[in-house]
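As a plain string of letters, each chain reads:
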Amino acid sequence: MAHQGDGDRPRYTAIGDRLVEEFEGVHAADTVDRCVAAARHGAEEVTGSAPLDLVERIARRHLEVLATVDAEKRRKARRSSLDNAP
């Protein structure tokens with residue numbers, strides 16, 4: 001399904017490249033690409049436009065939250081495997 005602004009996708013490539021580097025070892029490149037795309041579409045939906053700086057801030061925040069959730073899941077899994085979980 002094509003979306004308005006899909007022809008602008010190369011403009012957002014630099015954002016993905018920066019975030020892939022920033023989150024190397026934390027998130028796969030395809031996860032970063034999905035977050036950038038979701039951030040762009042979300043910004044367009046809410047504000048009617050998707051400025052590059054806004055898309056990058058939203059995507060970075062998504063990736064930070066995903067990393068936090070993943071770390072918490074790993075922490076709980078370690079505790080459970082030691083039978084230390086409440």
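Rules behind the numbers
- Residues numbered from 1 in each chain as written.
- Predicted model: local features only at pLDDT ≥ 70, side-chain atom pairs only at ≥ 80, totals over all residues.
- Heavy atoms only, no water.
- Salt bridge = Lys/Arg side-chain N within 4 Å of Asp/Glu carboxyl O.
- Helix = DSSP H or I, 4+ residues; strand = E, 2+ residues; numbered from the N terminus.
- Buried < 20%, exposed > 50% of the residue type's maximum accessible area, 1.4 Å probe, protein only.
- Contact = heavy atoms within 4.5 Å.

Caption draft 1: Just the pattern of salt bridges, in detail. Summed over all chains, the structure comprises 9 salt bridges. In this structure, the salt-bridge partner of Arg60 is Glu22, at a minimum N-O distance of 2.9 Å. Remark: Glu22 occurs in helix α1 (residues 9-22) and Arg60 occurs in helix α3 (residues 52-81); sequence separation between them is 38 residues. Given a relative accessible area of 43%, Glu22 falls into the partly exposed group.

Caption draft 2: Quick look at the side chain of Thr31. The residue Thr31 is located in helix α2 (residues 29-47) in this model. Aside from chain neighbours lying at most four places away, what touches Thr31 is Leu63 and Leu66.

Read these as layout, nothing more, since geometry by itself doesn't imply function.
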